[in-house]
Amino acid sequence: MVCGLVLDIVSLVQSFDVVEFCHVRRSANELAHNLAEIVCLVGGSVSWYYSLSPGVILASLTALLLLPTVGATLYVDITTDRLALLALKSQVTHDPGNLLENGWSTSTSVCNWIGVTCGSRHHRVTALNLSGMGLTGTIQPHLGNLSFLAWLDMSYNSFRGFLPIELANLRRLKYLNFGNNSFNGEIPSWFGSFTKLKRLSLYHNNFTGVIPSSLENLSKLEMLILSENDLKGQIPTAVGNLSSLKYLALNDNQLSDNLPSEIFDHLSQLWFLDLSENQFSGIFPTSLFKFKEIEYIILNHNQLEGTIALEVGNSTSLINFDIYNNFVGEVPSAIGNLTSLKFLTLISNNLTGRIPTPPPSLHVFRVAENNLVGEIPSSVCNLSSILCIDLFKNNLGGTIPECVGNLSSTLLHFSVQNNNFHGKLPENFAEGCSLKSFDINNNQLEGSLPRSLSNCKDLELLDVGNNNINDTFPNWLGNLDQLRVLVLRFNRFYGHIDRNSEVTVSLFSRLRVIDLSHNEFSGYLSTKFFKNLFAIREEYEKKVKPEYMIDVSPDRVYYSVTLSFTTKGLVTEFQLILTTWTVIAFSNNKFFGEIPEAVGELHSLLVLNLSHNSLSGRIPSSLGDLSELESLDLSSNKLEGRIPEQLKNLIFLEVLNLSHNYRTGPIPEGNQFDTFSNDSYSGNLRLCGFPLSTSCSNNGKLKPTPTEDQFIRGLKWKTAMLIDYGCGLVFGLSMGYIIFTTGKPWWFVRVVERVEKKYVKRENSK
């Protein structure tokens, strides 16, 4: 009976052409032969196998009978996964690294494809990671057939369009990241069907509409990132039911309305919250402070109000506290007890009172744009890891602590701009100084610049404008090869800017902005100085996306540069400065001599202001090579001659001021010169042409008008005529009597004719 059963099974196996199981393809004849020998299970001879009981033989052969059926089913399933991925590949229109083209070959197993991971048990696709491949395309419905998929990461690509509803079939998903793409439409409500999901990231896309309340079904969700989209409306109260939530980022949307405290009442595991750059209003929910585990509270750029509650002292794990809103009142002293706090940002509020004692762990201390008073607390000297101190625009006073120089080994940015500090600057910037920016603009500081600043080899910005600093030009800063911005405006600096000409061989090679205006500098403008400005001499590079002068350190220090310039006729404050911004402002000093031709080699220059000096000579024609120039102010000098025709090449010029000089001749016509008003040329009496009312003659000169000498001669002639009028009247009456009595006196007629001929000849010779 057993032998007959074996023969029946052999016949059945032979009816299959090919059987695949666990990626092993075996012919039916081979499997049938193995069955006949029974070696694949127990080995040995067939006669030994026949000694087994019929029940054991039946069970063994039944298992072998099922092998082809299971193998065929798995083969169908892996084919489904293959087809789903090939459908995705077919809709990828741009694959810059040919990663899918070469890495997804039909000649190899799906499980060996790049970015694909298969499970060890079922050998189905369980993970798909295409992150950062630079792919462009759309998501196809077939992707929903990857029924074993638990991990899907397509972030940092350029996928676009809507998400197909078939993705709702991916019920095993635990991780889903579509961040940094171009998907649009509303966030699908069927996301609520991913009940096993732990992480959902849809940041930096074009999603619109509201946050779907169906997300409350994601009871296992730990991370929700919907930032940088165009979402509107409220945060659904259902989000407060996600009791496993640890990380919530909804920043950079258009979410609005109040923040109900009940949303946060049950989020006891929350450690990261970022709601910045939205339109939230109302009272700040103090319930956030009852969680000791919370580490990051980032709420800047909203319309939230209230005070910083004393309960902030309960959040002993707090690392980053960032509120950039409408908070009032004093900063609680309890903040000084937060020993884990590294980032404290309370800028642009209406906070009052004194600066609290900062915790010694602090890396970033930003309380700019408030109404704080008093002095900088001496406890600042204990901040051994401090990276940024930003006290800009308050009512602080006193002196700058000497210890600031000692902190410079870690301190990157220091700003006390727009306060009431007085006294001298710290002198002790030690070797190894790490400062990148030092901004003390608009205070009452005096004395000289500390020479120890030359130890700050990474210094990029030095702004000491609007103080009472009395010093010579700091040539000694020229060896700081990272220095980009130097602002000395409105001080009492004096002397020549090239006093030690032998030292200026390679000075200021990275400098892009230099403002020396409203000082007492004097002397010639040095050709060598302008030739050293290599960063401005380089050809201008057009950039697709503007880059701002902003520092982002590994410790997430964000620091932007705020400067004021007199440009385009107005004093303008720039909150963000482009790295391509180039300015030379030497106005309101005592410079004399000619403008060096080398200025025309500064091809990247955008703003040039040399006004209110004593510069003389002609405007160099080389200024016509400043192809990016937008503002040119040479007013109130002693410049002579014609306006160079080459200035017509400045096609980006928006502001031109040549007023109050000794310019002569015609104003160039065409391009930007057709846009300037009379104000650009006022005070130049010998200029002619548009837009002035004085027109030019054919030879480019003013049409003949009485000169000063001619006017005086004419005045003398008229005076003489008046004086001699009486005698002339008598003489005329006498001559009239003679004419009537004796006829024409031909001698008189001939005299008059000779005088007339001489006058005409003289006029024609002019």
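Please read these numbers as outputs of a predicted model, since none were measured by experiment. (Residues numbered from 1 in each chain as written. Predicted model: local features only at pLDDT ≥ 70, side-chain atom pairs only at ≥ 80, totals over all residues. Heavy atoms only, no water.)

Examining the sheet that holds strand β6 (residues 136-138)
Logical step 1: Ordered by their spatial adjacency, five strands build an open sheet running β3-β6-β8-β10-β12, and the pairing between neighbours is mixed. The sheet is open, and its two borders are formed by β3 (92-94) and β12 (206-208), each paired with just one other strand. Here the strands of the sheet are splayed against their neighbours by 20° on average, with no regard to which way each runs.
Logical step 2: Two elements, strand β10 (residues 182-186) and β12, share three bridges in a ladder whose sense is parallel. Across the sheet, the residue bridging to Asn184 is Asn206, located in β12. (Pairing = 2+ DSSP bridges. Helix = DSSP H or I, 4+ residues; strand = E, 2+ residues; numbered from the N terminus. Axes fitted to C-alpha atoms, helices over the stretch in contact; angles between N-to-C directions.)

Concerning the confidence of the model for the chain
Logical step 1: Per-residue pLDDT for the chain has a mean of 82; in total, 75% of the residues score no lower than 70.
Logical step 2: Every residue in residues 1-52 is under pLDDT 50, and counting partners more than four places away or in other chains gives 67 contacts.
Logical step 3: Every residue in residues 501-505 scores below 50 in pLDDT, and together they form five contacts with partners more than four places removed in sequence or on other chains. (pLDDT = per-residue confidence, 0-100. Contact = heavy atoms within 4.5 Å.)

Some words on the packing of aromatic side chains
Logical step 1: Tallied over the full model, the rule gives 29 aromatic pairs.
Logical step 2: Aromatic side chains Phe191 and Phe194 sit 5.5 Å apart centroid to centroid with 50° between the ring planes, which places their arrangement in the tilted category. Of the two residues examined, Phe191 and Phe194, each falls in the buried class.
Logical step 3: The rings of Phe473, Phe493, Phe508, Phe521, Phe529, Phe530, Phe586 and Phe591 are connected pair by pair, giving a single aromatic cluster.
Logical step 4: Above the face of the Phe148 ring, Arg172 is positioned so that its terminal group lies 4.1 Å from the ring centre. (Phe/Tyr/Trp six-rings, centres within 6.5 Å; stacked < 30°, edge-to-face > 60°. Buried < 20%, exposed > 50% of the residue type's maximum accessible area, 1.4 Å probe, protein only. Lys NZ or Arg CZ within 6 Å of the ring centre and 35° of its normal.)

Observations concerning the environment of Leu634
Logical step 1: One can find Leu634 in the loop between β47 (631-633) and β48 (638-641).
Logical step 2: Sequence separation between Leu634 and Leu658 is 24 residues, and the spatial gap between their C-alpha atoms is 5.2 Å.
Logical step 3: Apart from residues lying up to four places away in sequence, Leu634 is in contact with Ile595, Leu610, Ser611, Ile619, Leu623, Leu639, Asn657, Leu658 and Asn661.

Here we look at the sheet that holds strand β28 (residues 395-398)
Logical step 1: The strand order across the open sheet built from five strands is β26-β28-β30-β32-β34, with neighbouring strands paired in parallel fashion. Strand pairing shows two members of the sheet lacking a second neighbour, β26 (373-374) and β34 (468-469), which therefore form its edges.
Logical step 2: Pairing between β28 and strand β30 (residues 420-423): two bridges, direction parallel. Within β30, the residue paired with Gly398 across the bridge is Phe421.

Looking at the nonpolar core
Logical step 1: Formed by 165 residues in total, the largest nonpolar core has its most connected members in Phe321 and Phe586.
Logical step 2: In terms of residues, this core owes the most to one element, helix α5 (residues 54-90), which gives three residues.
Logical step 3: Setting aside chain neighbours within four positions, we find Phe321 in contact with Phe289, Ile297, Ile308, Val312, Leu341, Phe343, Leu344, Thr345 and Leu346.
Logical step 4: If you look at the next biggest cluster of nonpolar residues, it comprises twelve residues, including Tyr247, Tyr296, Ile298 and Phe343. (Core = buried A, V, L, I, M, F, W, Y, C linked by side-chain atoms within 4.5 Å.)

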